[in-house]
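A closer look at the structure
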Amino acid sequence: MGGCIEVLEFMKSTAYWPDEAFWNDKVLFFETSEDKPSPMQVGYMLRNYGMQGIFSKIKGVIFGRAKDYSDEEKIELNKIIIDIIKGEFGAEHIPIVVDVDFGHTDPKLILPLGGKIELIPAKNDLILLENPFAERL
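Let us look at the structure shown here. (Residues numbered from 1 in each chain as written. Predicted model: local features only at pLDDT ≥ 70, side-chain atom pairs only at ≥ 80, totals over all residues. Heavy atoms only, no water.)

A closer look at the pairing of strand β4 (residues 96-100)
Most of β4 sits inside the fold, with 4 of its 5 residues counted as buried. Note: strand β3 (residues 60-64) against β4, 3 bridges, orientation parallel. Within β4, the position partnered with Ile62 by the bridge is Val97. (Buried < 20%, exposed > 50% of the residue type's maximum accessible area, 1.4 Å probe, protein only. Helix = DSSP H or I, 4+ residues; strand = E, 2+ residues; numbered from the N terminus. Pairing = 2+ DSSP bridges.)

Shown next, in the form of C-alpha cells:
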C-alpha cells in the first residue's frame, strides 16, 4: 500500500481509507510530489500514521527518492523518516529503505501492489519475491 504521501493525506477519513486490519503485515511505500513538501511537513504526515497505530502493524517502509530536493534536504528528510518511525513511535523492528527510484523522480521503477517483497536497509535494497507479471489464480 502506498503512493504519493500528499495524495494519501487527502484519502484519510474517507471511504477510500483502509480499515485498521488492512495494515497488518503490509509494506508501506511513500514518495513526494513535485510540490516538494518540506522534510518537516513529511514528518507531520508520518506522525499521523503513527498516531493511527499503523507503524505497529506494518512490516516495512519504502520511501522514494525525493525529486528536486537538495542534498541537505534529502539528508534531513531521511533522518526525519527514521527518527519518527523508529524513535518517536518505537517501531525498531520495521526495516526502512529510502531513496528508491519510484514515483515523481527519474528514473522511475514500478512497485507492483500486492506482491511479496524483501527489504534490506543495510544495502538500501528491495527484492521482489514474486513475479509481478505472473497470472494469479
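Regarding the pairing of strand β6 (residues 125-128)
As paired elements, strand β5 (residues 117-120) and β6 share 4 bridges and run antiparallel to each other. When the sheet's bridge partners are listed, Ile120 is paired in β6 with Asp125. Counting the residues between successive antiparallel strands, the hairpin from β5 to β6 contains 4 residues, one of them, Asn124, with a positive phi of roughly 55°.

Side note on the packing of aromatic side chains
All chains considered together, the criterion is met by 7 aromatic pairs. Plain terms: the ring middles of Phe22 and Trp23 are 5.3 Å apart, the flat faces sit at 85° to each other, and that makes the pair edge-to-face. Between Phe30 and Phe63, the ring centres sit 5.7 Å apart and the planes meet at 40°, which makes this aromatic pair tilted. Of the two residues, Phe30 sits in strand β2 (residues 27-31) while Phe63 sits in strand β3, which places them 33 residues apart along the sequence. For the pair shown, Phe30 and Phe63 are each scored as buried. A cation over a ring is seen here: Lys26 above Phe22, with NZ or CZ 4.5 Å from the ring centre. When the ring centre of Tyr69 is taken as reference, the NZ or CZ atom of Lys36 above it lies at 5.5 Å. (Phe/Tyr/Trp six-rings, centres within 6.5 Å; stacked < 30°, edge-to-face > 60°. Lys NZ or Arg CZ within 6 Å of the ring centre and 35° of its normal.)

Looking at the packing of helix α2 (residues 39-51) against helix α3 (residues 71-88)
Viewed as axis vectors pointing N to C, α2 and α3 meet at an angle of 20°, and their least axial separation amounts to 9 Å. When the interaxial angle is binned, α2 and α3 end up roughly parallel. The way α2 lies across α3 gives a crossing that is right-handed. For the pair α2 and α3, contact is made by Pro39, Met40, Val42, Gly43, Leu46 and Arg47 and by Glu73, Glu76, Leu77, Ile80, Ile81, Ile84 and Glu88, respectively. Along the lines of polarity and charge, the residues of the contact of α2 with α3 split into 8 nonpolar, 1 polar and 4 charged. (Axes fitted to C-alpha atoms, helices over the stretch in contact; angles between N-to-C directions. Parallel < 35°, antiparallel > 145°, perpendicular 65-115°, else oblique. Left-handed = near helix turned anticlockwise from the far one by under 90°. Contact = heavy atoms within 4.5 Å. Nonpolar A, V, L, I, M, F, W, Y, C, P; charged D, E, K, R; others polar.)

What to know about the environment of Ile80
In this fold, Ile80 is placed in helix α3. Since its relative accessible area comes to 17%, Ile80 is described here as buried. In this view, Ile80 contacts Pro39, Met40 and Gly43; residues no more than four positions away in its chain are not counted.

This is a description of form; function is not addressed.
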